[in-house]
Amino acid sequence: MASEAERTFQRFAVFGESSSSGTEMNNKNFSKLCKDCGIMDGKTVTSTDVDIVFSKVKAKNARTITFQQFQEAMKELGQKRFKGKSPDEALENIYKLMEGKDPATTGVTKATTVGGVSRLTDTSKYTGTHKERFDESGKGKGIAGREDVTDNSGYVSGYKGAGMYDKKGSN
């Protein structure tokens, strides 16, 4: 049973820590293990309890705990989580919670396209000068959409008879 717990300990110990060998775990990963495995339930065991137990079992000036210290921490948390059970039974229940668990990556940062973002990027709803920067399909027109391209043909803007200089009746 303890070997399964040890494997879970190692998986969480190396999670997000590229330099970790899996033999020691920091407070962040210890909290993550407690949360992901359901040891921390927010009622009988809170994040504060987890931090206190971590500080209690680690060496004075250390920042990590070994698997031995981790087992001590689990004994203490087991007593809190499963009140009224013997220490061994509580520890066994804790190990049952941990069995086969991996660090969860659900809900970890991902790109959002909710609510306002889709409205802001929908070019069909643009108005004013911004509307002129995109064609009907929503594709940008490039430089032509950003700058006023001047007609240097020599005629005054608004003059309808452009190119009719020699023709009669253009006056």
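Residues numbered from 1 in each chain as written. Predicted model: local features only at pLDDT ≥ 70, side-chain atom pairs only at ≥ 80, totals over all residues. Heavy atoms only, no water.

**A short note on the overall build of the protein chain**
Alright, step 1. Broken down by element type, the protein chain carries 8 helices and 2 strands.
Alright, step 2. Per-residue burial over the protein chain gives 26% buried out of 171 residues. (Helix = DSSP H or I, 4+ residues; strand = E, 2+ residues; numbered from the N terminus. Buried < 20%, exposed > 50% of the residue type's maximum accessible area, 1.4 Å probe, protein only.)

**Details of the packing of helix α2 (residues 27–36) against helix α3 (residues 47–57)**
Working note: a packed helix pair is described by the angle between its axes plus the distance between those axes.
Alright, step 1. Packing of α2 against α3 brings their axes to within 10 Å, and their N-to-C directions diverge by 130°. Comparing their axes, α3 and α2 come out oblique. For the pair α2 and α3, the sense of crossing is right-handed. Residues Asn-27, Phe-30, Ser-31 and Cys-34 of α2 pack against Val-50, Asp-51 and Phe-54 of α3.
Alright, step 2. Grouping the amino acids of the contact of α2 with α3 by side-chain chemistry returns 4 nonpolar, 2 polar and 1 charged. (Axes fitted to C-alpha atoms, helices over the stretch in contact; angles between N-to-C directions. Parallel < 35°, antiparallel > 145°, perpendicular 65-115°, else oblique. Left-handed = near helix turned anticlockwise from the far one by under 90°. Contact = heavy atoms within 4.5 Å. Nonpolar A, V, L, I, M, F, W, Y, C, P; charged D, E, K, R; others polar.)

**Quick word on the state of the cysteines**
Alright, step 1. Enumeration according to the criterion identifies 0 disulfides in this entry.
Alright, step 2. Left unpaired, Cys-34 is separated from the closest cysteine sulfur, that of Cys-37, by 7.7 Å.
Alright, step 3. Note on Cys-34: relative accessible area 0%, which makes it buried.
Alright, step 4. Looking at Cys-37, the relative accessible area reads 3%, which means it is buried. (Disulfide = S-S within 2.5 Å.)

**Considerations on the environment of Phe-30**
Alright, step 1. Note that Phe-30 resides in helix α2.
Alright, step 2. The spatial distance from the C-alpha of Phe-30 to the C-alpha of Ile-65 is 8.9 Å, given a sequence separation of 35 residues.
Alright, step 3. Sequence-distant contacts of Phe-30, defined by excluding residues within four places in its chain, comprise Met-25, Val-50, Phe-54, Ile-65, Phe-70, Ala-73, Met-74 and Leu-77.

**Some thoughts on the packing of aromatic side chains**
Alright, step 1. A complete count under the given rule lists 5 aromatic pairs for this structure.
Alright, step 2. Between Phe-30 and Phe-54, the ring centres sit 5.4 Å apart and the planes meet at 40°, which makes this aromatic pair tilted. Separated by 24 residues along the polypeptide, Phe-30 in helix α2 and Phe-54 in helix α3 bring together distant segments of the chain. One exposure class covers both Phe-30 and Phe-54, and it is buried.
Alright, step 3. In textbook terms, an aromatic cluster arises when at least three aromatic residues are bridged by ring pairs, as seen for Phe-9, Phe-30, Phe-54, Phe-67 and Phe-70. (Phe/Tyr/Trp six-rings, centres within 6.5 Å; stacked < 30°, edge-to-face > 60°.)

**Focus: the side chain of Asn-26**
Alright, step 1. Tracing the backbone through its elements, the reader meets Asn-26 in strand β1 (residues 24–26).
Alright, step 2. Accessibility expressed as a relative area gives 18% for Asn-26, which makes it buried.
Alright, step 3. In terms of polar contacts, Asn-26 uses its side chain to reach the backbone amide nitrogen of Asn-29, at 2.9 Å.
Alright, step 4. Beyond its immediate stretch of four places on either side in the chain, Asn-26 contacts Glu-17, Phe-54, Arg-63 and Thr-64. (Polar contact = N/O pair within 3.5 Å; in protein donor to acceptor, adjacent residues only side chain to side chain.)

**Concerning the packing of α2 against helix α4 (residues 67–81)**
Alright, step 1. Packing of α2 against α4 brings their axes to within 13 Å, and their N-to-C directions diverge by 45°. Judged by the inter-axis angle, α2 sits oblique to α4. Note on packing geometry: the crossing formed by α2 with α4 is right-handed. Across from Phe-30, Leu-33 and Cys-34 in α2, the residues of α4 making contact are Phe-70, Ala-73, Met-74 and Leu-77.

**Focus: α3**
Alright, step 1. The set of residues buried in α3 consists of Asp-49, Val-50, Val-53, Phe-54 and Val-57. Taken around the axis of α3, the buried residues stretch over an arc of 135°, which confines them to a single face.
Alright, step 2. Residues of α3 that are buried in the fold lie against β1, α2, β2 (64–66) and α4. (Arc of directions from axis to C-beta.)

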